[in-house]
Amino acid sequence: MDEVVLFNPGNSIGNFHDYHEAVQTAQIYRDRHLDSGHVLVVKSEHGEPSFDIFLAEQQLKDKKQPSTTERYTVSKKL
């Protein structure tokens, strides 16, 4: 089962159309920022396939969704 998470798209570290490029960039970011915690590669639930990178701590837990919140599916957790 896919894990669906909420993020503010403005908090994205990067946006990619290629999954492997997104994972590689996330690994580099994690290696350079060891104190940042887990890094997630997520896929947008609508439109053309695109992958974003977020810090796990930026996940929105509040069920009240501001208009800037988007749903993503976790593709990889680093």
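Data block above holds the structure.
Only a predicted model underlies this, so the values are computations on that prediction, with no experimental measurement involved.

Chemist: Pulling in residues and values, what's your account of the nonpolar core?
Modeler: In this structure, Phe-16, Ala-22, Val-23, Ala-26, Val-39, Val-41, Phe-51, Ile-53, Leu-55 and Leu-78 together form the largest nonpolar core, which totals 10 residues. At the level of secondary structure, the elements contributing two or more residues to this core comprise α1 (19-32), β3 (39-44) and β4 (51-55).

Chemist: A description of the pairing of strand β5 (residues 70-77) should follow, citing residues and the corresponding values.
Modeler: Taken together, the 4 bridges between strand β1 (residues 4-7) and β5 define a ladder with antiparallel strand orientation. Each bridged residue has a counterpart across the sheet, and for Leu-6 the counterpart in β5 is Arg-71. Across 5 bridges, the pairing between β3 and β5 is antiparallel. Residue Leu-40 lies in a different strand from β5, and its bridge partner there is Lys-77.

Chemist: So, the packing of aromatic side chains: which residues are in play, and what are the values?
Modeler: The final tally for this structure, using the stated rule, is 4 aromatic pairs. Members of the aromatic cluster, connected to one another through ring pairs, are Phe-7, Phe-54 and Tyr-72.

Chemist: Give a description of the sheet that holds β1 that names residues and reports values.
Modeler: The strand order across the open sheet formed by 5 strands is β1-β5-β3-β4-β2, and the pairing between neighbours is antiparallel. With one partner strand each, in any of the chains shown, β1 and β2 (14-16) form the two edges of the open sheet. Mean inter-strand twist for the sheet, computed between neighbouring axes without regard to direction, equals 45°. Two elements, β2 and β4, share 3 bridges in a ladder whose sense is antiparallel. Looking at β4, one finds that Asn-15 is bridged to Asp-52. Along the sheet, α1 contacts β2, β3, β4 and β5; its crossing angle with β3, the most-contacted strand, is approximately 155°.

Chemist: Residue-level account of the environment of His-38, with values.
Modeler: Considering the arrangement of structural elements, one finds His-38 in the loop between α1 and β3. Between the alpha carbons of His-38 and Val-4 there is a distance of 16 Å; along the sequence they are 34 residues apart. Those residues in contact with His-38, other than ones at most four positions away along the chain, are Phe-54, Leu-55, Ala-56, Glu-57, Lys-77 and Leu-78.

Calculation notes
- Residues numbered from 1 in each chain as written.
- Predicted model: local features only at pLDDT ≥ 70, side-chain atom pairs only at ≥ 80, totals over all residues.
- Heavy atoms only, no water.
- Core = buried A, V, L, I, M, F, W, Y, C linked by side-chain atoms within 4.5 Å.
- Buried < 20%, exposed > 50% of the residue type's maximum accessible area, 1.4 Å probe, protein only.
- Helix = DSSP H or I, 4+ residues; strand = E, 2+ residues; numbered from the N terminus.
- Pairing = 2+ DSSP bridges.
- Phe/Tyr/Trp six-rings, centres within 6.5 Å; stacked < 30°, edge-to-face > 60°.
- Axes fitted to C-alpha atoms, helices over the stretch in contact; angles between N-to-C directions.
- Contact = heavy atoms within 4.5 Å.

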